[in-house]
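Examining the three-dimensional arrangement
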Amino acid sequence: MALAAELRCLVCQNQTLADSNADLAVDLRNQIREKMKQGVGEADIVDFFVARYGDFVLYRPPFKATTALLWLGPLILFAAGLVTLFNRIRRRRIPEEINLTDAERERVRDLLADNKPNQR
Amino acid sequence: MIPEVGQFALALALCVSIAQGVAGLAGAARRDIAWMSVARPAALAQAILIAIAFGCLTYAFATKDFSVAYVASNSNSALPLQYRIAAVWGGHEGSLLLWTLMLGVWMVAVTMFSSHLPDEMVARVLGVMGLLSGGFLSFMLFTSNPFSRLFPAPADGHDLNPLLQDPGMVIHPPMLYMGYVGFSVAFSFAIAALLGGRLDAAWARWSRPWTSVAWIFLTLGIALGSGWAYYELGWGGWWFWDPVENASFMPWLMGTALIHSLAVTEKRGGFRSWTVLLAILTFALSLLGTFLVRSGVLTSVHAFATDPARGIFILVFLALVIGGSFLLFAWRTSRIGLGGHFEVVSRESMLLTNNVLLVAAAGSILLGTLYPLVLDALDLGKISVGPPYFEAVFASLMAPALFLMGVGPITRWKKAELPELAVRLRWAFAVSLATAILLPFALGRWSALVSFGLLLSAWIAASSFVHLRERVKNAATGAGTWSRLRTTPLGYYGMLVAHLGVAVFVAGVTLVKGYESEKDVKMEAGDTIEVGGYAFRFDGVGNVTGPNYVAARATIHVSKGGNTVTVLYPERRIYPSQQMPMTEAAIDPGVTRDLYVSLGDALSPTTWLVRVQHKPFIDWIWGGCLLMAIGGLIAVSDRRYRIPSSRPADAAMAGVAARP
Amino acid sequence: MTRHFLPLAIFAALIVLLGVGLTLNPREVPSPLVGKPAPHFELPQLHQPAKTFSQKDMIGKVWLLNVWASWCVSCREEHPVLLDLAKSGLVPIFGLDYKDTREEGLPWLRRMGDPYQLSAFDGDGRIGIDYGVYGVPETYLIDKHGIIRYKRIGPLTPEIVRQKLVPLVNELNRG
């Protein structure tokens, strides 16, 4: 069942409740089945497990103050990346300032002077 | 005697690695030809010594020398020869030796294929690799010696974990490590560039083939791992977002970003410091993965059983290598410069956006993998982060990237127009949309997620076709289609095939997740169950004996519409050395579907638990990965990467002073 | 150019985190039941099936509930510690025979010694689930008001008894 695939087996710790063959996993799967037959809602079944085993049993971490960074992190990373990227692209459009030394400035003046109407 | 030779070889290799590192790096800094010329022979010597050590360990396994502690804990007298050899890398110490061996192989490759590179660069690259090798050799010699002896020697070994007694074990780790370690070459090139203060299109062209080959190996390694888990573990899953799987996937994502970024640096000279950063990050993730698997910091089915003391050593090594690299980056990067200008809509910006998405994806996976540790360290409780998180986050970030895959390649460099792109792609989009909306109906059930996945897959394929057609049609010279196809560079075909591989992969994932079905039932001889349109008849269980196990083997007769399709023989094996029962699933593979049957516990002498699964298009997942790897191989064969006997152009460039 | 130091800064934080991580145990799962009332149960006793035992019976006393089973290997490790603890008379110990059969549980106690005032019999393990049991043996310290004050997952050791249980029991007995 879909719910068992979202819960963690505490004995082996690296399998879902749906896949594990541990005794406890079998027991807990039966519990889920019974409760569903009794008409208990999914949210209540999840609460039942969390009350006994803590948030550790959930493979989908709940959205709480402590996990806000976890869930929002990817979005923040992506947004920050995009913003940085577009700022850099836009910043490049400003042509770079060219600083001339005095000697170079002189030369420029000379060259420009060469272009006066009364050229030799 | 032989193990001692191996240990001595490792110690010698350590000395050589230090010499290689010092001579290479100091020699390049001082522009001392004599010192720099030590690098190549040192690299070869090191590789030979490590190979000798590896040979000694293999010999110990092959001859069942249980006086060596590592052999005793990972092998057994009944273990068949091929698995005794694979067991060399079955545990922590041996896998470190494999890592180091792979590093030796890559060093030899750099030595052989670098005649066209300036001596300073080669000296630096080999110098860095030498130091890395020294780190791993120290780690082995001081904390994880594969050659330590046991007194008294036990009569028999403990055995290789039965899950690892499989052809997958022979090929998956070596491929994976070739990939992980291969990224150290790109890393070394980046460090060499930072040290030398020179980072330009030529550097990118030199780095690119090394990065691509490492990427090919990592792609194959991960795909093999996934395929192996699928048929070995018995419950039909192929990816679990397990911390160690994530540890291999993050360098892959970063490596993919690096390949794309190198393409820009090579063609346009842009993104230079970003590419260098990516090269460092990719290898950093490889090393981080090594740490996570061996330190005990995270629980994982793949984690080696080891202790925090070893964890400290790797952590310090990681801090020094990567911390040092980031420090070097911060210090030297301002010298490197910016590169060409480009517009907000241009191929450069799309490639950079692709990079942002891939890096965000890798970052998110890292976040999810380490988050439980963060909360635990701050004493804020224990949580689990599993597939529901990773799938949601990864799919959301990859969707835009997949969309860009269709648009990017046909976008012009430097400056492009969105309306023009839209016009060129409108038919591709229409076809993709139609496929996405109609195909699910043909497959039996419409769902928004399946449709979306198919849209992305079809989009990549359709826009690739548009690109190919444009390339062939827009012949300025009036040459025929065939001649145009022949003169197109292999780099382009490589990209095409690799991108198609991604499309196939996405299609496979979408279809299998959307349409797979399974049933978990108690069966007795004669019972039939129907899954996915096939009828599975349980024909009873018999006993079989293997070389080092006994098993209960079931016979399952599969038919469709009354015609026999196949007979499957799932087993439940008991390996006496381990006392744990193992299920060996029986699979009938096919291009359009896999049929998967696994045998569970016996509930009574005649009743067994059987799990039957129908997995449509699942082989497209690994087929897609194979296509990606083939695409990479085609791209690397491009003429411009062939090593010529002499390259006057490169030599001339080497003489040019560093640009601001 | 400070932004170029950003990767280094983030990496430094990561190293610190991983360093701290080396001191932690990722397999240890703390119980959310500590500080909450002990879940209700009413079970038949192991030795006298006709009688029942409930956590309610212990209100007003500080007591230890130890979850054990005849098939549990670590329980054998822990048993001498329990026997010593019972002899010291520090705190009454009650057993919860988890997912076991009477045919195996009773002889096991006879063989290993019985530190328990009595054992409740949880054959199908339902009460274990209510108590968040996942790795036998587990031990709960419950106060006079029926609130769980401490849970130990895994075998009890003399150090844990000395460092955690003794001070806590004394404190709870005073209050």
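Residues numbered from 1 in each chain as written. Chains lettered and ligands numbered in written order. Predicted model: local features only at pLDDT ≥ 70, side-chain atom pairs only at ≥ 80, totals over all residues. Heavy atoms only, no water.

1. Some points on the overall build of chain C
Basically, it comes down to this: In this text, helices come from DSSP runs of H or I with a minimum length of four residues, and strands from runs of E with a minimum of two, each type numbered from the N-terminal end. It is over C-alpha atoms that the radius of gyration is taken, and the globule rule equals 2.2 Å times the number of residues to the power 0.38. Buried residues are those whose accessible area, probed at 1.4 Å on protein chains only, stays under 20% of the maximum for their type, while exposed residues exceed 50% and partly exposed ones sit between those limits. Contact between two residues is taken to exist if any of their heavy atoms lie within 4.5 Å; hydrogens are not considered. Reported accessibility uses the Shrake-Rupley method at a 1.4 Å probe radius. Residues are deemed covered only where the shown protein chains occlude them. In this tally, Asp and Glu contribute negative charge and Lys and Arg positive charge; neither His nor the terminal groups of the chain are included. By convention, charge coordinates are those of NZ in Lys, CZ in Arg, CG in Asp, or CD in Glu.
In terms of regular secondary structure, chain C is built from five helices and seven strands. A globule of 175 residues ought to have a C-alpha radius of gyration of about 16 Å, yet chain C, at 20 Å, is considerably larger. Projected onto its principal axes, the C-alpha coordinates of chain C cover approximately 80 × 35 × 30 Å. When each of the 175 residues of chain C is scored for burial, the buried share is 50%. When contacts within chain C are restricted to residue pairs at least 6 apart in sequence, long-range pairs at least 24 apart make up 70% of them. Taken as a whole, chain C presents about 8,400 Å² of accessible surface, with 58% of it coming from carbon and sulfur. Where the 20 positive side-chain charges of chain C centre and where its 18 negative ones centre are 5 Å apart.

2. Observations concerning the nonpolar core
Applied cut-off: What is meant by a nonpolar core is a set of buried Ala, Val, Leu, Ile, Met, Phe, Trp, Tyr and Cys residues, joined one to another through side-chain atoms within 4.5 Å.
Ranked by size, the top nonpolar core spans 185 residues in total, and within it B:Trp203, B:Phe291, B:Leu318 and C:Leu18 carry the most contacts. The leading source of residues in this core is helix α8 (residues 167-196) of chain B, at 16 residues. Aside from chain neighbours lying at most four places away, what touches B:Leu318 is B:Ala284, B:Leu287, B:Leu288, B:Phe291, B:Gly323, C:Phe11, C:Ile15 and C:Leu18. If you look at the next biggest cluster of nonpolar residues, it comprises 69 residues, including A:Leu7, C:Leu46, C:Tyr98 and C:Val136.

3. Here we look at the interface of chain C and chain B
As a reminder, the rule being used: Reported buried area values correspond to the accessible surface (1.4 Å probe) lost by two parts on association, with both partners' losses combined. Salt bridge criterion: a side-chain nitrogen from Lys or Arg within 4 Å of a carboxyl oxygen from Asp or Glu. Side-chain atoms alone can form a polar contact between residues adjacent in sequence; in general such a contact is a pair of N or O atoms within 3.5 Å, and within protein one must be able to donate a hydrogen while the other accepts it. In this count, Pro and Cys sit with the nonpolar residues alongside Ala, Val, Leu, Ile, Met, Phe, Trp and Tyr, while Asp, Glu, Lys and Arg are called charged and the others, Gly among them, polar.
Contacts between the two partners involve 21 residues from chain C, matched on the other side by 29 residues from chain B. Of all residues in chain C, C:His4, C:Leu18 and C:Leu22 bury the most surface against chain B, accounting for 29% of the area lost on that side. At the junction of chain C with chain B, the criterion picks out zero salt bridges. Applying the counting criterion to the chain C and chain B interface returns zero residue pairs in polar contact (both at pLDDT 80 or more). Split by residue class, the side of chain C that touches chain B holds 15 nonpolar, four polar and two charged.

4. A closer look at the interface of chain B and chain A
If you look at the interface, chain B gives 36 residues, while chain A gives 32 residues. The junction of chain B with chain A conceals about 3,000 Å² of combined surface from both sides, 67% of it contributed by carbon and sulfur atoms. Across the chain B-chain A interface, the total number found is zero salt bridges. The interface formed by chain B and chain A includes six residue pairs in polar contact (both at pLDDT 80 or more). Where the side of chain B that touches chain A is concerned, the elements lending two or more residues are α13 (347-377) and α14 (387-407) of chain B. Examining the composition of the side of chain B that touches chain A, we find that twelve residues originate from one element, α13(B), more than from any other. In the side of chain B that touches chain A, the residues fall into 20 nonpolar, twelve polar and four charged.

5. What to know about the pairing of strand β6 (residues 571-574) of chain B
All names here are of chain B. To keep it simple, the criterion reads: Each pair of strands is called paired provided DSSP finds at least two bridges between the two strands.
With four bridges joining them, strand β4 (residues 550-560) and β6 adopt antiparallel strand pairing. Bridge pairing in β6 links Arg 553 to Glu 571. Two strands pair when backbone bridges link them, and β6 and strand β7 (residues 581-584) are joined in this way by four bridges, in the antiparallel orientation. Each bridged residue has a counterpart across the sheet, and for Ile 574 the counterpart in β7 is Pro 581.

6. Here we look at the confidence of the model for chain C
Note that predicted coordinates carrying low pLDDT should not be read in detail. We count it as follows: Every residue gets a pLDDT, meaning the predictor's confidence in that residue, from 0 to 100.
The share of residues in chain C with pLDDT of 70 or more is 99%, and the mean pLDDT across the chain is 89. The ipTM for the predicted assembly is 0.83, set against a pTM of 0.89.

7. Looking at the side chain of B:Arg310
Residues and elements named next belong to chain B. Position of Arg 310 relative to the elements: it lies in helix α12 (residues 308-332). Within the structure, Arg 310 has its side chain in polar contact with the backbone oxygen of Thr 143 (distance 3.2 Å). Residues in contact with Arg 310, not counting those within four places in the same chain, are His 92, Glu 93, Phe 139, Thr 143 and Ser 144.

8. A look at the pattern of salt bridges
Residues and elements named next belong to chain B. With the rule as written, the count across this model stands at 31 salt bridges over all chains. Among the salt bridges present, the one from Glu 391 reaches Lys 513, with a minimum N-O distance of 3.4 Å. Of the two residues, Glu 391 is situated in helix α14 and Lys 513 in helix α18 (residues 490-515); the sequence distance between them amounts to 122 residues. Here Glu 391 falls in the partly exposed class, since its relative accessible area comes to 33%. On the accessibility criterion, Lys 513 (44% relative accessible area) is partly exposed. With a shortest N-O distance of 2.7 Å, Glu 470 and Arg 424 are connected by a salt bridge. Of this pair, Glu 470 sits in helix α16 (residues 448-473) while Arg 424 is found in helix α15 (residues 418-443), placing the two residues 46 residues apart along the sequence. Its relative accessible area of 18% is what places Glu 470 among the buried residues. Under the relative-accessibility criterion, Arg 424 is labelled partly exposed at 23%.

9. Looking at α14(B)
All names here are of chain B. The test is simple: One less than the residue count of a helix, multiplied by 1.5 Å, gives the span that helix is expected to have. Here the bend at a residue means the angle between the axes of two seven-residue stretches, the one that ends at it and the one that starts at it.
Taking 1.5 Å per residue as the helical rise, α14 with its 21 residues ought to reach 30 Å, and the 30 Å between its terminal C-alpha atoms agrees with that figure. Bending of α14 peaks at approximately 25° at the position of Met 398, with proline Pro 400 no more than four residues after it. When you tally the buried positions in α14, you get 15 out of 21 residues, the bulk of the element.

10. A look at the packing of α15(B) against α16(B)
Residue and element names in this part refer to chain B. To keep it simple, the criterion reads: Throughout, an axis means a line fitted to C-alpha atoms (over the contacting stretch in the case of helices), and angles, computed between N-to-C directions, take values from 0 to 180 degrees. Roughly parallel here means an angle under 35 degrees, roughly antiparallel means over 145, roughly perpendicular means 65 to 115, and every remaining angle is called oblique. Crossings are classed by handedness, with left-handed meaning an anticlockwise turn of the near helix from the far one by less than a right angle and right-handed meaning a clockwise turn.
At a closest axis distance of 8 Å, the pairing of α15 and α16 adopts a crossing angle of 150°. The angle between the axes of α15 and α16 places the two elements in the roughly antiparallel class. Of the two possible hands of crossing, α15 and α16 adopt the one that is right-handed. On α16, the residues touching Arg 424, Leu 425, Ala 428, Phe 429, Ser 432, Leu 433, Thr 435, Ala 436, Ile 437, Leu 439 and Pro 440 of α15 are Val 450, Ser 451, Leu 454, Leu 455, Ala 458, Trp 459, Ala 462, Ser 463, Val 466 and Glu 470. Among the residues making up the contact of α15 with α16, the classes are represented as 15 nonpolar, four polar and two charged.

11. Quick word on the sheet that holds strand β3 (residues 63-68) of chain C
Sheet strands line up and pair through hydrogen bonds in the backbone, either parallel or antiparallel. Residues and elements named next belong to chain C. The five strands lie next to each other as β5-β4-β3-β6-β7, forming an open sheet whose pairing is mixed. Each having just a single partner strand, β5 (119-122) and β7 (148-153) make up the two edges of the open sheet. Adjacent strand axes in the sheet meet at a mean angle of 20°, parallel and antiparallel pairs treated alike. Relative to the sheet, helix α2 (residues 73-88) contacts β3, β4 (93-98) and β6 (138-142), its axis offset from that of β3 by approximately 160°. Sitting on the sheet, helix α5 (residues 158-174) touches β3, β6 and β7, and the angle it makes with β7 is about 165°.

12. Looking at the environment of B:Tyr492
Residue and element names in this part refer to chain B. Along the chain, the position of Tyr 492 falls in helix α18. Judged by its relative accessible area of 6%, Tyr 492 falls in the buried class. Taking the C-alpha atoms as reference points, Tyr 492 and Met 129, separated by 363 residues in sequence, lie 31 Å from one another. When sequence neighbours within four positions are dropped, the list of residues in contact with Tyr 492 reads Ser 464, His 467, Leu 468 and Arg 471. One polar contact links the side chain of Tyr 492 to the main-chain amide nitrogen of Leu 468, over a distance of 3.3 Å.

13. Digging into the sheet that holds strand β1 (residues 517-523) of chain B
Residue and element names in this part refer to chain B. If you walk across this open sheet you meet the four strands as β1-β10-β9-β8, and the pairing is antiparallel. Two strands lie at the open edges of the sheet, namely β1 and β8 (586-588), each paired on one side alone. Strand-to-strand twist of the sheet, defined as the mean angle between neighbouring strand axes without regard to direction, takes the value 15°. Of the strand pairs in this sheet, strand β9 (residues 593-602) and strand β10 (residues 608-616) are connected by eight bridges, and their pairing is antiparallel. By the bridge assignment for β10, Ala 602 is matched with Trp 608.

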